[in-house]
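Structural overview
As a plain string of letters, each chain reads:
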Amino acid sequence: MISWPTPSIPAVPGAGPAVRVHDTSSGQVRELAPGPVAGLYVCGITPYDATHMGHAATYVTFDLLGRALRDAGHEVRYVQNITDVDDPLLERADRDGVEWTALATDEIELFREDMTALAVIPPDVYLGVVESMPQIIRDVTALCESGIAYAVETPDALTPGARDIYFDLSREDCFGAVSGWDREAMMAVFAERGGDPERAGKRDALDPLLWRVERQGEPAWDAGVLGRGRPGWHIECTAIALEHLGIPFTVQGGGTDLIFPHHEMSAVQAAGLTDERPFATAYVHQAMVGLHGEKMSKSKGNLVLVSRLRRDGVDPMAIRLALLAHHYRTEWEWTDDTLDEALQRLDSWRKALSGNGAADPEPVVAAIRSALANDLDSPAALTAVDAWAAATSAGDESQVDGAGVVARAIDALLGVRL
Ligand code: ZN
């Protein structure tokens, strides 16, 4: 899958400190120690609707993490998937009377444009489910052969006797290690997040679907002993991460709504396939973004879309600044003031950068670096730049090259082009 163009990343003198982030599985802010290459896996979109601020917040947060890791001297290997075959996509295409492939193609294209506009560094590996089918089939087959997966009677299968495949959670004692949730908390969200607790024949209500055999009118792929069908949701990320990062990789990222079941299941399935533990050394999650008192979500229809703001002529850098003004672990709401505040900030920074001299760049560059390394504290980084801009605009133009250095730091570390 083609990703999108890589923005240029200016050089900034010096280097950032070791990066610390909040790891959901341990519940602690921990220093990442990835070695020379940091492996970053961020769960991608299901392409049935346009990018809203919740998604944009996620991809900008992990872009910030990638920038902080690069600044700390690591190479970053970034992998992202696209769930380009799954129930929500097929259901939306059916509802709208369009081909599911055409819907996916259009929405992936729009996502690429949004990411380019927001100056998000693209993944090195950007893969859809469809093009990852050989790895997924290989992994599900391996789980069947080792007895960790089992078949369930499937009366509505297109081929009589064909059976869906499920993962037996009782076979892996690390189940629960990512979320730390108890069974009651898991059961409370499983069905609304794509699970099928009521499915007859499962050994445990929470066992995740690995392979869904072909049904009438649904897309399907040949899969040898598994029979024609398509994968469950979680196995795609297991298979893609194992193939393109190996485990343990440094960080798995996504929205908090992916903690369970998606990240839990991706990790436990990987444990069933390998002897390596854990799946990722840290699991980092972006808090939900709301609108008018509710979580922004497709099902509720209360979306602020990046593409719509762009069409209205909003500077994408103001959108990025609006996102960075909120810490990734704090839930927040998009309001009418959100964008105005970001536009004012952008304006004040641009004014400060347009003079003949500027206030000393060294303290502000150090402050941005230390804020980002401290659990991606982007609001603190913006506040530091605000103070520098205010000092410069108030007449401190003591450093001839100051504006250039700060502009490069804002671009390289915060991804804001001025
Ligand atoms: Zn995923």
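With that settled, the discussion passes to the overall build of the protein. Across its full length, the protein carries 13 helices and 14 strands. Taking 22 Å as the expected radius of gyration for a compact globule of 418 residues, we find that the protein reaches 23 Å, a close match to that expectation. For the protein, the spread of C-alpha atoms along the three principal axes comes to 80 × 45 × 35 Å. Partitioning the contacts of the protein with sequence separation of at least 6, the portion at a separation of at least 24 is 78%. Put simply, the protein shows about 17,000 Å² of open surface, and 48% of that area lies on carbon and sulfur atoms. Across the protein, the mean location of the 35 positive side-chain charges is 1 Å away from that of the 63 negative side-chain charges.

Glancing now at the domain arrangement of the protein. Under the domain assignment, the protein is made up of domain 1 (20-286) and domain 2 (315-414). Placing a centre on the C-alpha atoms of domain 1 and another on those of domain 2 gives a separation of 35 Å. Linking domain 1 with domain 2 are two salt bridges, by the criterion used here. Of the charged contacts, one joins R369 and D71 as a salt bridge, the two residues approaching to 2.7 Å between their closest N and O atoms. Counting the contacts that link domain 1 with domain 2 gives ten residue pairs in polar contact (both at pLDDT 80 or more).

What follows concerns the pattern of salt bridges. One pass over the full model with this rule turns up 28 salt bridges. The closest approach of N and O atoms between K202 and D196, which form a salt bridge, is 2.7 Å. Residue D196 is classed as partly exposed on the basis of its relative accessible area of 24%. Notably, a salt bridge pairs R230 with E218, separated by 3.0 Å at the nearest N-O pair. Here R230, found in strand β9 (residues 229-231), pairs with E218, found in the loop between β8 (209-213) and β9; they are twelve residues apart in sequence, far enough to count as distant. According to the relative accessible area criterion, E218 is partly exposed, its value standing at 22%.

Now for the coordination of the zinc ion. Binding of the zinc ion to the protein goes through C43 (SG), C237 (SG) and H262 (NE2), at separations of 2.0 to 2.1 Å. One chain supplies every donor to the zinc ion, and in sequence these donors are spaced C-x193-C-x24-H. Of the two residues, C43 is situated in the loop between β3 (37-42) and α1 (53-71) and H262 in helix α7 (residues 259-273); the sequence distance between them amounts to 219 residues. H262 carries the same exposure label as C43, and that label is buried.

As a further point, take helix α6 (residues 233-244). Among the twelve residues that make up α6, nine are buried, leaving the element largely enclosed by the rest of the structure. Within α6, the full set of buried residues consists of H234, I235, E236, C237, T238, A239, I240, A241 and L242. One or two steps after α6, the chain reaches G246, where phi turns positive at roughly 75°.

Let's shift gears to unusual backbone geometry. Following I247, the chain continues to P248 via a peptide bond in cis, the omega torsion being 0°. Assignment of secondary structure puts P248 in the loop between α6 and β10 (249-255). P261 follows F260 through a cis peptide bond whose omega is 0°. Summarising the element assignment, P261 is placed in helix α7. Non-glycine residue A119 carries a positive phi angle of around 60°. In this structure A119 comes out as buried when scored by relative accessible area, which is 3%. Even without being a glycine, D375 presents a positive backbone phi close to 55°. Tracing the backbone shows D375 in the loop between α11 (361-373) and α12 (378-393).

The rules behind each value
- Residues numbered from 1 in each chain as written.
- Predicted model: local features only at pLDDT ≥ 70, side-chain atom pairs only at ≥ 80, totals over all residues.
- Heavy atoms only, no water.
- Helix = DSSP H or I, 4+ residues; strand = E, 2+ residues; numbered from the N terminus.
- Rg over C-alpha atoms; globule rule 2.2 N^0.38 Å.
- Contact = heavy atoms within 4.5 Å.
- Areas by Shrake-Rupley, 256 points an atom, 1.4 Å probe, with all protein chains shown as cover.
- Lys, Arg positive; Asp, Glu negative; His and termini not counted.
- Charge placed at Lys NZ, Arg CZ, Asp CG, Glu CD.
- Domains from an automatic or database assignment.
- Salt bridge = Lys/Arg side-chain N within 4 Å of Asp/Glu carboxyl O.
- Polar contact = N/O pair within 3.5 Å; in protein donor to acceptor, adjacent residues only side chain to side chain.
- Buried < 20%, exposed > 50% of the residue type's maximum accessible area, 1.4 Å probe, protein only.
- Donors = N, O, S within 2.8 Å, 3.2 Å for Na, K, Ca; no water.

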